[in-house]
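Chain by chain, the residues:
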Amino acid sequence: MSSRLADLASRLDEPLLVTNLTNVFYLTGFDSSNAALLVRPGGDVTLYTDFRYIEAARGVDGVEAVLTKRALMADVGERLEGTVQFEGDVLPYLEWKRLRSGGAKLEATSGIVDELRAVKDEQELKAIRRAARAADRAFEALTAESFIGRSEREIAWRLRELMHAHGVDEVSFESAVGYGPHGAHPHWSPTDTIVSMGTLVVVDWGARVDGYCSDCTRTVSTGRLPDRLREIYDLCLAAQQRACREIKAGMTGVEADALARDVITEGRYGDAFGHGLGHGVGLMVHEAPRLSTESTDTLAAGHVVTIEPGIYLEGVAGVRIEDLAIVREDGVELLTSFPKELIEVK
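Quick summary incoming for the structure in this document. Note that the structure is predicted; figures quoted are calculated from it, not measured.

The next point concerns the sheet that holds strand β11 (residues 212-213). In spatial order, the strands read β7-β10-β11; together these three strands make up an open sheet with antiparallel pairing. Strand pairing shows two members of the sheet lacking a second neighbour, β7 (170-171) and β11, which therefore form its edges. When β7 meets strand β10 (residues 207-209), the two strands line up antiparallel, connected through two bridges. Within β10, the position partnered with E170 by the bridge is R208.

Turning to the layout of surface pockets, a few remarks are in order. Taken as a whole, the largest pocket spans an internal volume of roughly 510 Å³. Around the largest pocket, the lining comprises 28 residues; the ones closest to its centre are F173, A176, P186, H187 and D204. Breaking the lining of the largest pocket down by element, the ones donating at least two residues are α8 (152-165), β13 (278-280) and β14 (287-291). The biggest single contributor to the lining of the largest pocket is α8, with four residues. Taken as a whole, the second largest pocket encloses approximately 260 Å³ of empty space. Looking at the second largest pocket, it is lined by 13 residues, and the ones nearest its centre are D114, A288, P289, R290 and D297. If you list the elements that add at least two residues to the lining of the second largest pocket, you get α6 (112-118) and β14. Looking at side-chain class alone, the lining of the second largest pocket contains three nonpolar, five polar and five charged residues.

A separate point is α8. Look at α8: 20 Å from first C-alpha to last across 14 residues, which is about the 20 Å you get at 1.5 Å a residue. Burial in α8 covers these residues: E152, I155, A156, L159, R160, L162 and M163. Down the axis of α8, the smallest arc covering the buried residues is 165°, so these residues share one side. In α8, the exposed positions that point more than 90 degrees away from the buried face belong to W157 and A165. Summarising the contacts, the buried residues of α8 are in contact with α7 (122-143), β7, β8 (176-179), β9 (200-205) and β10. Among the residues trailing α8, G167 stands out with phi positive, at a value near 95°.

Another aspect to go through is the pairing of β14. When β13 meets β14, the two strands line up antiparallel, connected through three bridges. Opposite H279, over in β14, you have R290 as the bridge partner. Two successive antiparallel strands, β13 and β14, enclose a turn made up of six residues.

Another aspect to go through is the side chain of S32. Relative to the assigned elements, S32 resides in the loop between α2 (21-28) and β2 (35-39). S32 gets classed as buried once you look at its relative accessible area, which sits at 12%. Polar side-chain contacts of S32 include one of 3.2 Å to the backbone nitrogen of N34.

This next bit is on the pairing of strand β5 (residues 83-87). Among the five residues of β5, four are classified as buried, and the element is accordingly described as predominantly covered. Looking at chain direction, strand β1 (residues 16-18) and β5 are connected through two bridges and run parallel. Paired with L17 across the two strands is F86, which belongs to β5. Sheet topology note: the β5/strand β6 (residues 105-109) ladder contains five bridges and is parallel. Bridge pairing in β6 places T83 opposite K105. In this fold, β5 hands off to helix α5 (residues 93-99), which returns the chain to β6; that crossover is right-handed.

If you trace the six strands from one edge of the open sheet to the other, you get β4-β3-β2-β1-β5-β6, paired in mixed fashion. Strand pairing shows two members of the sheet lacking a second neighbour, β4 (64-67) and β6, which therefore form its edges. On average, each strand axis in the sheet is tilted by 25° relative to the strand beside it, whichever way the strands run. Across five bridges, β2 lies against strand β3 (residues 45-49) in antiparallel orientation. Residue pairing across strands places A36 opposite Y48, the latter belonging to β3. Strands in contact with helix α1 (residues 3-10) are β1, β2 and β3; relative to β2, the strand with the most contacts, it is inclined by about 55°. Most of the contacts of α2 go to β2, to which it runs at about 55°, and overall it touches β1, β2, β3 and β5.

For the pair α1 and α2, the least separation of the axes is 7 Å and the interaxial angle reads 115°. Viewed along their axes, α1 and α2 adopt a mutual orientation that is roughly perpendicular. Contact residues: α1 offers R4, L5 and L8, while α2 offers Y26, L27 and T28. Along the lines of polarity and charge, the residues of the contact of α1 with α2 split into four nonpolar, one polar and one charged.

Conventions we followed
Residues numbered from 1 in each chain as written. Predicted model: local features only at pLDDT ≥ 70, side-chain atom pairs only at ≥ 80, totals over all residues. Heavy atoms only, no water. Pairing = 2+ DSSP bridges. Helix = DSSP H or I, 4+ residues; strand = E, 2+ residues; numbered from the N terminus. 1 Å grid on protein atoms, 1.4 Å probe; cavity = no way out; pocket = protein on both sides within 12 Å on 5 of 7 lines; lining within 4 Å. Points joined across faces, edges and corners; volume = space filled by probe spheres on them. Nonpolar A, V, L, I, M, F, W, Y, C, P; charged D, E, K, R; others polar. Expected span 1.5 Å × (residues − 1). Buried < 20%, exposed > 50% of the residue type's maximum accessible area, 1.4 Å probe, protein only. Arc of directions from axis to C-beta. Contact = heavy atoms within 4.5 Å. Polar contact = N/O pair within 3.5 Å; in protein donor to acceptor, adjacent residues only side chain to side chain. Right-handed = clockwise from strand over helix to strand, strands pointing away. Axes fitted to C-alpha atoms, helices over the stretch in contact; angles between N-to-C directions. Parallel < 35°, antiparallel > 145°, perpendicular 65-115°, else oblique.

Here you go:
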């Protein structure tokens, strides 16, 4: 039985049916498109899957592999007895209806496995470091090339090529390249718009290595900027640097968010920072914990989080500066190393 399964079992008062496939993979190493994992408090574990994956499931140590029908939830529901917890924040309503067709009493839970996933072990940190390093090197190579005269879409595709050239297995998400007014959209999808001189370009990109993600954002200039754009860049950088200096284990997600938000608010651009300061990164590019005004999380040593304040001026331009960091007892260890001072691309 893996240490992760043992850790989960020790936290349970009732059996837990894990249906989030990323959580199933995290706990067992089993990767499929149709599976569920029943973990009992005593440590007994059953892995349910259909004919396509059953042979692979039988090779998983520490679990009993059970063949189900393709309609997995209805089949599993008929096998469950007593009180069973399920991941209420991820199981779709129709699947829940199929699951409850049996005789078990279902109790919704949330975040039990996510809390385990949030604290990374050394092997996980090694993979995330590799992903962040490869992403940094790819972006460094990109900034040595021309931005002006190329489309957002072309720049994003070139960044993907460079990430693969630097050993990335795959991108952790589709790169965002937002030129000028497009940079005021926090999640912009690149277009055929051609980059020209005298404004800001926001680039958000990430790599995946050995299953683990990185996430980074830098904002670059395409020449001399209007004073207001330089002002918001410097303000965003000051906010980001303060958060990097002061975030540490034991701080709540709300407190971490305030470190950067207070700087931006005092600079009279608080209304232009409309998202949270950051989020966890691991097997998924967005996972626990959250750093925001609405967060209920407390940061712990071993969390890997983004620190990414932004200032967005609708119809004008945007700035976001994002680092990936490991939370430590006395601060953070930054995993991204590309400079944050404003650089000019050609």
